[in-house]
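Spelled out from the first residue to the last, the chains are:
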Amino acid sequence: MSATIDLSEPKAAARFRPTVPPPLTEPLGLFAFLRAARKNPITTWMDAHFKLPVVAAEGAMGRITLVSDPALIRSVLIEKAENYRKDDLQRRVLAPGLGNGLLSAEGDEWRLQRRTLAPIFNARTVQGFSDAMNAAGARLGRRLARRAGKQVDVALEMTRVTLDVLERTIFTHGLPSDPDALGRAITRFLEAVGPIDPLDVFGVPDFVPRIGRLRARPAGRFFAEVVDELIARRKALMAQGEAPRDLLTLLLAAQDPETGTGLSDLAVKANIVTFIAAGHETTANSLTWTLYCLSQDPAAQARLEAEIDAAGPGGFAVERLPYTRAVIEEAMRLFPPVPFLSRQAVRDDRFGRIKVPRGSLVMVAPWVLHRHQLLWDDPEAFVPERFLPENRDSIARFTYLPFGAGPRVCIGQSFSVQEAVILLAHIVRAVRFHLPADHPPVTPLHRVTLRPEHGLRMEAEGRA
Ligand code: HEM
């Protein structure tokens, strides 16, 4: 089941291999585990997880089964999806901030929302957003070109530009307040709810206050007020037939294809907040990691620049940039923005001889899967060529899952791939980044999404 491609060119030894926390060789005791899980959950994976198709263990959170066998992943996420619902821990962490939006809804409410929202994210609608994405990319390119010769906080710039894209695609007429204020509120919100709270791990009832959630409240309130105001204004424009065709209008006009009913205002609001929360840090982090990998691989950077320069001036079209896309996909293999998916077994099940008791957690972890020794050649090496169209077929299904799979697969997948490719093209047209010698080690921290622990500050070299 290995995804085999020719890794000999450039020489395998010269490949960039990012430094990441090494897997554990011994299990941690309860308190050490909880401390590590709160600080940086990716430090709790064990050597065996990267070598075996399935690992089941009893731990602080009860029984957890990690599945890395592609056939079993297919079974959990697709064939038996009804038996593996999103787990209570995830919902306890996400739902207070996101309301009952698509990411945290379950059962009939989720089915209704998914049916209603699917057309908004289909290929044609998403393609219609490419002008907005190119406009945000060109603006970023100009900003970066002005910073040539200086240091740039790359992680912050990527957060800004992905919010700019969301602002242009959700609210064409802009936000009533400063977009950076919305960005800061989102970051504060994710930081506060991000670390896993031990009270949630042990299933302590929701009426017991969590410090993280209390800290997140003002940011959550800010969100809600801004979005209320935007919905009211947009409804007025729709009534006059003057509304732009952006995500907000599409959400307010969306109808369930089976019943013809629309979403309630509350569901529209929950989904706007969900799109912003689910769509900006993930895409921003995938670009941040991509730029880091490129700064360490001059051959990949040169090949990318050649592709982008050959595309000529003006806006970019994703289908003409296969290497750009491959670079992003390979960076998402090594640094998946969502490092694990978790599910809870509704009824008893078994994977061969391994029992999966009702209520226990089953995980699929892109962080582990994408570096699994049974599934990838030279898994630690950054090799964008793996994802070129001519090699793609050798990547087995269910070995690469940055967007998940099955009924709950990321609804924003094509949106974010198109966005990341267009934005990276504008960045590479404007500047080349170098990591300064005094930069702290660039290592991944898992906080809801996977980001560089000490940020990413790089020197921008202008490209005329
Ligand atoms: C690189 C960028 C992104 C990554 C890596 C990513 C990853 C994921 C993953 C792994 C899931 C599935 C979670 C699970 O099965 O438990 C998911 C779900 C979701 N994503 Fe994304 N996402 C990205 C961008 C976006 C964008 C741009 C949007 C919206 C504009 C978005 C909206 C959603 C929503 C609403 C869901 C829930 C779908 C459902 O449960 O039906 N994501 N995402």
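Only a predicted model underlies this, so the values are computations on that prediction, with no experimental measurement involved.

Caption draft 1: Structural context of the site of the ligand. Not every one of the 28 residues close to the ligand is listed here, only the nearest: W110, R114, R343, R408 and C410. A distance of 3.4 Å separates an oxygen atom of the ligand from a polar side-chain atom of K86. Listing elements by their share of the shell around the ligand, those giving two or more residues are α4 (107-117), α12 (265-295), β5 (341-345) and α17 (413-430). Of the residues belonging to the shell around the ligand, the class tally is 16 nonpolar, 8 polar and 4 charged.

Caption draft 2: View of the side chain of E385. Note on placement: E385 falls in the loop between α15 (366-369) and α16 (389-392). Of note is the side chain of E385, whose polar atom sits 3.5 Å from the side chain of R303.

Caption draft 3: Just the packing of helix α13 (residues 298-310) against helix α14 (residues 322-334), in detail. Contact geometry for α13 and α14: axes closest at 8 Å, N-to-C directions at 145 degrees. The residues of α14 that touch α13, namely those facing A300, R303, L304, E307 and I308, are P322, Y323 and T324.

Caption draft 4: Structural context of the coordination of the iron atom of the ligand. From the protein, the iron atom of the ligand takes a single donor atom, C410 (SG), 2.3 Å away. Looking at where C410 falls in the secondary structure, it is placed in the loop between α16 and α17.

Caption draft 5: The pairing of strand β2 (residues 62-67), seen in detail. Summarising the sheet, strand β1 (residues 54-59) and β2 pair through 6 bridges and their orientation is antiparallel. When the sheet's bridge partners are listed, V54 is paired in β2 with V67. Across 3 bridges, β2 lies against strand β8 (residues 361-364) in parallel orientation. Looking across to β8, one finds that T65 is bridged to V362.

Caption draft 6: Structural context of the environment of D88. The residue D88 is located in helix α3 (residues 88-98) in this model. When the C-alpha positions of D88 and Q344 are compared, they lie 7.7 Å apart, and in sequence the two are 256 residues distant.

Caption draft 7: The arrangement of helix α1 (residues 30-39) in detail. Turning to α1, its buried residues number three or more, namely L34, A36 and A37. Seen along its axis, α1 keeps its buried residues to an arc of 165 degrees; they face one direction. Exposed residues on α1 whose side chains face more than 90 degrees from its buried face are F31, R35 and K39.

Caption draft 8: Structural context of the sheet that holds strand β3 (residues 84-86). Here we have 5 strands laid out as an open sheet, ordered β1-β2-β8-β5-β3, and mixed in their pairing. Looking along the sheet, the strands with just one partner apiece sit at the ends: β1 and β3. With strand direction ignored, the average angle separating the axes of adjacent strands in the sheet is 30 degrees. Helix α2 (residues 70-79) rests against β1, β2, β3, β5 and β8 of the sheet, and its axis sits at about 120 degrees to β8.

Conventions we followed
Residues numbered from 1 in each chain as written. Predicted model: local features only at pLDDT ≥ 70, side-chain atom pairs only at ≥ 80, totals over all residues. Heavy atoms only, no water. Near = heavy atom within 4 Å. Polar contact = N/O pair within 3.5 Å; in protein donor to acceptor, adjacent residues only side chain to side chain. Helix = DSSP H or I, 4+ residues; strand = E, 2+ residues; numbered from the N terminus. Nonpolar A, V, L, I, M, F, W, Y, C, P; charged D, E, K, R; others polar. Axes fitted to C-alpha atoms, helices over the stretch in contact; angles between N-to-C directions. Contact = heavy atoms within 4.5 Å. Donors = N, O, S within 2.8 Å, 3.2 Å for Na, K, Ca; no water. Pairing = 2+ DSSP bridges. Buried < 20%, exposed > 50% of the residue type's maximum accessible area, 1.4 Å probe, protein only. Arc of directions from axis to C-beta.

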